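Here is what each chain is made of, one letter per residue.
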Amino acid sequence: MDGLWLSDKIFRLIRDKKEQTTQFVMQGSTTERKDYNYMIGKFRALEELEDEIKEILDKGEKSD
């Protein structure tokens, strides 16, 4: 399995999850504050994960 293919798939999954979370919040699918806070936390965790993966890939490119 190619590393670029795998990273592309992972990024696509993260982007899809972020989009789902954004749609959930923007559509007002919940009026509960705890659900809103959970979704925002989920979105931020996905962003952090995406940033960490990008950083790992950047380090790999620099060492090549």
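These notes cover the structure that comes with them. The model shown is predicted, which means the values in this text are computed figures rather than measured ones.

## Digging into a negative patch on the surface
Taken together, the side chains of Glu47, Glu48, Asp51 and Glu52 define an acidic patch exposed on the protein surface. Locating Glu52 in the fold gives a position in helix 2 (residues 33-63). Taking the relative accessible area as the measure of exposure, Glu52 reaches 41% and is therefore partly exposed.

## Notes on the side chain of Lys18
Relative to the assigned elements, Lys18 resides in helix 1 (residues 3-26). Residue contacts for Lys18: discarding those within four places in its chain leaves Phe43, Leu46, Glu47 and Glu50.

## Examining helix 2
Along its 31 residues, helix 2 runs 45 Å from first to last C-alpha, staying within 8% of the 45 Å computed at 1.5 Å per residue. Those residues of helix 2 hidden inside the fold are in contact with helix 1.

Parameters at a glance
- Think of each chain on its own: its residues are numbered from 1, step by step along the sequence as written.
- Given that the model is predicted, a residue must reach a pLDDT of at least 70 before its local features are reported, and side-chain atom pairs must reach 80 or more before they are shown or counted; all residues, however, enter totals for whole chains, interfaces and linings.
- Excluded from the side-chain calculations are hydrogens and water; all other atoms, namely the structure's heavy atoms, are used.
- Residues enter a patch when their relative accessible area is above 30% and they make no salt bridge; the linking distance is 9 Å between like charges and 5 Å between nonpolar side chains (Val, Leu, Ile, Met, Phe, Trp, Tyr).
- Using the Shrake-Rupley algorithm and a 1.4 Å probe, accessible areas are obtained, with residue cover drawn only from the displayed protein chains.
- Here, a salt bridge means any side-chain nitrogen of Lys or Arg that lies within 4 Å of a carboxyl oxygen of Asp or Glu.
- By the counting rule applied here, Lys and Arg register as positive and Asp and Glu as negative, while His and the ends of each chain are not counted.
- The location of each charge is read from NZ of Lys, CZ of Arg, CG of Asp or CD of Glu.
- Where helices and strands are cited, they refer to DSSP runs of H or I of at least four residues and of E of at least two residues respectively, numbered from the N terminus.
- In this scheme, a residue with accessible area under 20% of its type's maximum is buried, one over 50% is exposed, and one in between is partly exposed, where area comes from a 1.4 Å probe on protein chains only.
- In what follows, a contact means two residues having at least one pair of non-hydrogen atoms within 4.5 Å.
- Between the first and last residue of a helix there are one fewer steps than residues, each counted as 1.5 Å, and that sum is the expected span.

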